[in-house]
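Breakdown of the fold
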Amino acid sequence: MKIAVLDLETTGFDPRDCIVEIGAVELDLDSGETKCLLNMLVREAHFTKSQHGRSWIFSHSGLTVWDVLSATSWKNAEQELRWVLEDYPVTAFNKAFDFSFLKHRGLLPKRTLPCPMIEASKVLKIPGPYGGYKWPTLEEAWGHYFPGLDYTEQHRAFDDALHEALLIKAMHTVGDYNLEA
Amino acid sequence: MKFSREYTKLQDRVFSTIRGHSYYNEGEVIECQTPHRVLRARVLLKVAMRFRNIPECLLQYDTDSPELSAAECREEIRSLYRGDPPDDDDIMTIYWLEKLSEAK
């Protein structure tokens, strides 16, 4: 079964903030084959240097404001994103976050899959500050399934999506990621 | 599966290796041959991707070279191929293997 793993880089946590980069990876859960579906910088119409130039993403990744200012328009990116959302069952690490941005823009996948972050939290069982289990970061989940492989999240959409795809493949292989969950 | 030297990763219970083929399947038990020993290992996980997309941490682990960049690691891997070294666009397979026993 082929699925798409999506990752968005944004200027904030609110869906009204800007999407600045889209990454998507096709993962064949049976063969383990991966393929780049989307790896693009985008400029939404409401992105401005003055309003978004100090966003966290620009000080915690290789992304620059200038990359975004010279990126393809949201209108062009949206069409490519729409094809992925129509053609594949889709998930994302912290699916609720990424999908909230899609929903705000009138986009949602035809078929969604369980969130690997939620599924991983049941396995990692990291105590949360208010009881229960906390949601693991991608690095924490990676460290559980790939011990010894030091990974620092780049906060670049394609690179993150690729690591998420590998994580999902590992979780699925050991029975920790059920497509029907 | 041949290893050209005694890589540090071969001391780990589970280790990964990057190959230009996809002969082996998940669950299969294979022999890993180093210059000095033979290990039996089970294929736990198999993924495939373009050489250029393989994450840096995997490339560094594979080559025992945490100080090298991804591009340098790919060059290191290419140097191990005698005939037809992989291009960045070639599809490579990454196997995760679980060591079962040492045959000799």
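This text follows the structure it describes.
Quick caveat: nothing in here was measured; it's all calculated off a predicted structure.

Rules of the game
Residues numbered from 1 in each chain as written. Chains lettered and ligands numbered in written order. Predicted model: local features only at pLDDT ≥ 70, side-chain atom pairs only at ≥ 80, totals over all residues. Heavy atoms only, no water. Helix = DSSP H or I, 4+ residues; strand = E, 2+ residues; numbered from the N terminus. Rg over C-alpha atoms; globule rule 2.2 N^0.38 Å. Buried < 20%, exposed > 50% of the residue type's maximum accessible area, 1.4 Å probe, protein only. Contact = heavy atoms within 4.5 Å. Areas by Shrake-Rupley, 256 points an atom, 1.4 Å probe, with all protein chains shown as cover. Salt bridge = Lys/Arg side-chain N within 4 Å of Asp/Glu carboxyl O.

Another point: the overall build of chain B. Within chain B, the secondary structure is distributed over 2 helices and 4 strands. For chain B, the α and β elements follow one another from N to C terminus as β-β-β-α-α-β. The C-alpha atoms of chain B give a radius of gyration of 13 Å, which matches the 13 Å a tight globule of 104 residues would have. With the C-alpha coordinates of chain B rotated into their principal frame, the extents come out at 35 × 25 × 25 Å. Looking at chain B residue by residue over its 104 residues, the buried ones come to 49%. Across chain B, the fraction of contacts at a sequence separation of at least 24, relative to all contacts at a separation of at least 6, is 69%. With the model as given, the accessible surface of chain B reaches about 5,400 Å², and the carbon-plus-sulfur share is 43%.

Once that is clear, we can look at unusual backbone geometry. The backbone of His-155 of chain A sits at a positive phi, close to 55°, despite the residue not being glycine. Tracing the backbone through its elements, the reader meets His-155 of chain A in the loop between helix H7 (138-145) and helix H8 (157-173). Backbone geometry places Asp-64 of chain B, a non-glycine residue, at a positive phi of 60°. Take Asp-64 of chain B: it is sitting in the loop between helix H1 (56-63) and helix H2 (70-78). In this structure Asp-64 of chain B comes out as partly exposed when scored by relative accessible area, which is 25%.

Moving on to the pattern of salt bridges. Enumeration over the complete set of coordinates arrives at 18 salt bridges over all chains. Where Glu-78 of chain A meets Arg-82 of chain A, a salt bridge forms, and the shortest distance between an N and an O atom there is 2.8 Å. Linking Glu-78 of chain A with Arg-82 of chain A, this pair stays in helix H4 (residues 74-87), spanning 4 residues, or about one helical turn. Overall, Arg-82 of chain A belongs to the partly exposed group, its relative accessible area being 29%. With a shortest N-O distance of 3.1 Å, Arg-74 of chain B and Asp-88 of chain B are connected by a salt bridge. Here Arg-74 of chain B, found in helix H2, pairs with Asp-88 of chain B, found in the loop between H2 and strand E4 (91-102); they are 14 residues apart in sequence, far enough to count as distant. No difference in accessibility class separates Arg-74 of chain B from Asp-88 of chain B, as the two residues are buried. Three or more residues are tied together by salt bridges with common partners; here these are Arg-74, Glu-75, Arg-78 and Asp-88 of chain B.

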